[in-house]
Amino acid sequence: MLSIILGMIGWPQVVLIAVIVLLLFGGKKIPEMMRGLGKGMKEFKDATNEDTTKGKNNTSTEEK
């Protein structure tokens, strides 16, 4: 069922979705939203890398 739905999405549908988003949020609000999304993704990535680094440091400390 999912492959049927995804198979029906083409360029005309993508353009239609982009136009609807532009009409709903306006041209000025979209860059602000994308900037916020980028900052959120960066913070998430940094937090994930920090947890991974802490996990490696704790493991090496416990082995000694």
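A.B. asks: An account of the overall build of the chain is needed here, citing residue identities and associated values.
C.D. replies: The helix and strand inventory of the chain stands at two helices and zero strands. Evaluated residue by residue, the chain yields a buried proportion of 0% over its 64 residues. Carbon together with sulfur atoms contributes 68% to the accessible area of the chain, which is approximately 6100 Å² in total.

A.B. asks: With reference to specific residues and values, describe the pattern of salt bridges.
C.D. replies: In total, this model carries two salt bridges according to the counting rule given. Here Glu-32 ties to Lys-29 by a salt bridge, and the two come within 3.9 Å at their closest N and O atoms. Pair noted here: Glu-32 and Lys-29 are both in helix H2 (residues 11-63), with a separation of three residues, about one helical turn. Residue classification places Glu-32 among the partly exposed positions, given a relative accessible area of 44%. Exposure remark for Lys-29: the relative accessible area of 41% places this residue in the partly exposed category. Here Lys-42 ties to Asp-46 by a salt bridge, and the two come within 3.1 Å at their closest N and O atoms. Pair noted here: Lys-42 and Asp-46 are both in helix H2, with a separation of four residues, about one helical turn. Taking the relative accessible area as the measure of exposure, Lys-42 reaches 52% and is therefore exposed.

A.B. asks: Got a sec to walk through the environment of Phe-25? Specific residues and values, please.
C.D. replies: Along the polypeptide, Phe-25 turns up in helix H2. Aside from chain neighbours lying at most four places away, what touches Phe-25 is Ile-30 and Met-33.

Rules used in this analysis
Residues numbered from 1 in each chain as written. Predicted model: local features only at pLDDT ≥ 70, side-chain atom pairs only at ≥ 80, totals over all residues. Heavy atoms only, no water. Helix = DSSP H or I, 4+ residues; strand = E, 2+ residues; numbered from the N terminus. Buried < 20%, exposed > 50% of the residue type's maximum accessible area, 1.4 Å probe, protein only. Areas by Shrake-Rupley, 256 points an atom, 1.4 Å probe, with all protein chains shown as cover. Salt bridge = Lys/Arg side-chain N within 4 Å of Asp/Glu carboxyl O. Contact = heavy atoms within 4.5 Å.

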